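# Fold and contact review
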2 protein chains.
Amino acid sequence: MSGPVTKVIDEFTFEDGSTFGAVPVAYQTWGQLNSAGDNCVVVCHALTGNTNVADWWGELFGPGRAFDTEKDFVICANVIGSPYGTLSPLTLDSRSGERFAASFPVPTIRDTVNLHRKLLDLLGVKRVRMCIGGSMGGMQVLEWAFHRDLVESLVPIAVGGRHSAWCIAWSESQRQAIFGDPHWNDGRYTDESPPSLGLAIARMIAMTTYRSFTSFNQRFGRAVGEGGADAQFAMKGYLHYQGAKLVDRFDANCYVRLTESMDSHDVARGRGDYLEVLASITQPTLVVGIDSDILYPIAEQEELAAYLPNAELAVISAPHGHDSFLIERIELSERIAEWRRRVLE
Amino acid sequence: MSGPVTKVIDEFTFEDGSTFGAVPVAYQTWGQLNSAGDNCVVVCHALTGNTNVADWWGELFGPGRAFDTEKDFVICANVIGSPYGTLSPLTLDSRSGERFAASFPVPTIRDTVNLHRKLLDLLGVKRVRMCIGGSMGGMQVLEWAFHRDLVESLVPIAVGGRHSAWCIAWSESQRQAIFGDPHWNDGRYTDESPPSLGLAIARMIAMTTYRSFTSFNQRFGRAVGEGGADAQFAMKGYLHYQGAKLVDRFDANCYVRLTESMDSHDVARGRGDYLEVLASITQPTLVVGIDSDILYPIAEQEELAAYLPNAELAVISAPHGHDSFLIERIELSERIAEWRRRVLE
């Protein structure tokens, strides 16, 4: 494993026409790119995720696991709009010397994949053995499918082919919580007074959608928490803790733009009829769904598995909801490794 | 049908010891109480509901329907904490001449039922043939069970025996959205500047939990709305509309107190072991669940049906989520009417 690295792409144009020069792309790699450049595995991170796959998906690495760095060159690049090093609202605008902040455009999932393609080209990657990711990472995986000259197989997890009205509704209430913070100021807030409360509320909403009735009840039930009336229920204390934790590590403009980016997700946008576009994704694909996911319910993965001509569906049975793709790491690794051996080798 | 009426109860003490004099209770009735006083049907309304059952459950009234006002005396009383006429944060404190507002205590579900019991006594009701309600109404139904001298049968709908950690989490993010509004001011806001934005956001979150992946996708999908960028998706416009609509008809202090009241719901509080308390509810009970309800999932109604010794379960299969109890009125009426004929007559 190398630490995070940043490459600079001379120029990049978004789907909406916005053009940026000297575009930073942060990434991490594990293993070695072989001389043919054909042993790459692309891992795509989720909304508030980062490039340190070994940290959040450590159990997927190893001999016989999903990623075998004796053979695979694993790379994870930070998405556009995320605060961890790639071009985002936190990037300084060289013209003004200030951050782009609220003037930053909405990056589509396609924009991020197009930028990451430039990174892979720069690194000499000629073939991608597998693109894999969950949630927003899964959206990127489905967009990578259209880089047909490069990408050999796909593992989209806990995602659908287009962002549902249901998910747009969840995104929207989170954005409104941020917009309602008196410090928001249309995104022109200062480093000293960011809209922390709004961002924390957005995270509380999101954290709940990521889990499930069963997981919260098993863990908290009606247990009473510490710290007085405001934390009467341990459940409330947990949400407040999660809200505060995100505020410490994320930026509100980034959060807003990334949720808008997710809302833009639609593999059929500009490509034709939705089901025909799904049918055009011909790479071998392992679609992974979680039976307790309320956010991207199993119906979405069943749809992908039904319409992608070379897809099969793996259902992970777990009580933790959407976040199970970050929790059930051993089972996930086993499912992927078995599929790779059986279908790809 | 008579219009809304208000009776005043001389004195009422909450579970937490708060005592109020001259307590208003608003209610509506349909049909006539018979001379024996034994033909009452109590309908319990939900969080933002009101006493006009004929308006929101009209199809349940009629010969052969759930409520037959040739035989039944139907009553619905407004809960404590709701803005529609019963004692609430909007009530004037006679000592100060101001509204109780944020000084209003948290009413438990049990408090509301205890107050409504006083109303029934005042009206001369001797027997309640059936207590029925969905969501927060269902919580009241389960508390009415412990008025064993009065209540003959129960129809709790889309509810569990105690508020889950999952539901507490949803309540909490809604309250935080209200608390985050700069006009909130710890509940001491003015009529001119209420925390409307926070209340609207709370409603957006709640409305989403009341529906489902399928219902929103069928109705909105990725359709583009009218009115420019902010309403790019019709889904967003719908949420904003629902938020604004609640702001026009509800009060933030009332909303906060009612969600806290729901969080207090636990039939076992102060009564012993949860499952033993369920087993002590011996009235004939029709538990109604909705298969697409993410908020009070079918597992909760299965639990009630399993542990209440004289209960049976009716599952309504509908795509609309929790709100199906307000939408699938014909099926609901048929299920209840059939059960009444078979079990109660």
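This report concerns the structure included in the present document. (Residues numbered from 1 in each chain as written. Chains lettered and ligands numbered in written order. Predicted model: local features only at pLDDT ≥ 70, side-chain atom pairs only at ≥ 80, totals over all residues. Heavy atoms only, no water.)

Across its full length, chain A carries twelve helices and eight strands. C-alpha atoms of chain A, sized along the principal axes, occupy 60 × 50 × 40 Å. For chain A, with 345 residues in total, the buried portion stands at 60%. Long-range contacts, defined as pairs at least 24 residues apart, comprise 72% of the intrachain contacts of chain A with a sequence gap of at least 6. If you sum the accessible surface of chain A, you get close to 12,700 Å²; carbon and sulfur atoms cover 48% of it. (Helix = DSSP H or I, 4+ residues; strand = E, 2+ residues; numbered from the N terminus. Buried < 20%, exposed > 50% of the residue type's maximum accessible area, 1.4 Å probe, protein only. Contact = heavy atoms within 4.5 Å. Areas by Shrake-Rupley, 256 points an atom, 1.4 Å probe, with all protein chains shown as cover.)

Residues and elements named next belong to chain B. The buried fraction of strand β3 (residues 40-44) is high, at five of five residues. Side chains C40, V42 and C44 of β3 all project onto a buried face; the interleaved residues V41 and V43 project onto the opposite face, where all are buried too. Two elements, β3 and strand β5 (residues 128-134), share five bridges in a ladder whose sense is parallel. Among the inter-strand pairings, C40 is bridged to a residue of β5, identified as V128. (Pairing = 2+ DSSP bridges.)

Another point: the relation of the copies chain B and chain A. Turning chain B through 180° and shifting it by 0.0 Å along the axis lays it on chain A, with an RMSD of 0.0 Å. On this basis, the relationship between the two copies can be described by a two-fold rotation axis. (Least-squares fit on C-alpha atoms with pLDDT ≥ 70 in both.)

Residue and element names in this part refer to chain A. Within this structure, the stated rule accounts for 39 aromatic pairs over all chains. Judged by centre distance (5.7 Å) and plane angle (40°), the ring pair of F20 and F104 falls under tilted. Taken as a pair, F20 in strand β2 (residues 19-30) and F104 in the loop between β4 (73-77) and α2 (109-123) lie far apart in primary sequence, 84 residues in all. Judged by its relative accessible area of 10%, F20 falls in the buried class. (Phe/Tyr/Trp six-rings, centres within 6.5 Å; stacked < 30°, edge-to-face > 60°.)

Moving on to the interface of chain B and chain A. Chain B puts 41 residues into the contact, and the matching count from chain A is 42 residues. Across the chain B/chain A interface, buried area totals approximately 3,500 Å², and carbon plus sulfur atoms make up 76% of it. The largest share of the area that chain B buries against chain A comes from W166, F213 and R222 of chain B, three residues that together contribute 22% of it. There are four salt bridges connecting chain B and chain A. Measuring nitrogen to oxygen at the nearest pair gives 3.8 Å for the salt bridge that ties K236 of chain B to E172 of chain A. Taken together, chain B and chain A are joined by 18 residue pairs in polar contact (both at pLDDT 80 or more). Counting residues per element, the ones that place at least two in the side of chain B that touches chain A are α4 (165-179), α5 (196-210), α6 (213-219) and α7 (234-249) of chain B. (Buried area = accessible area lost by both parts, 1.4 Å probe. Salt bridge = Lys/Arg side-chain N within 4 Å of Asp/Glu carboxyl O. Polar contact = N/O pair within 3.5 Å; in protein donor to acceptor, adjacent residues only side chain to side chain.)

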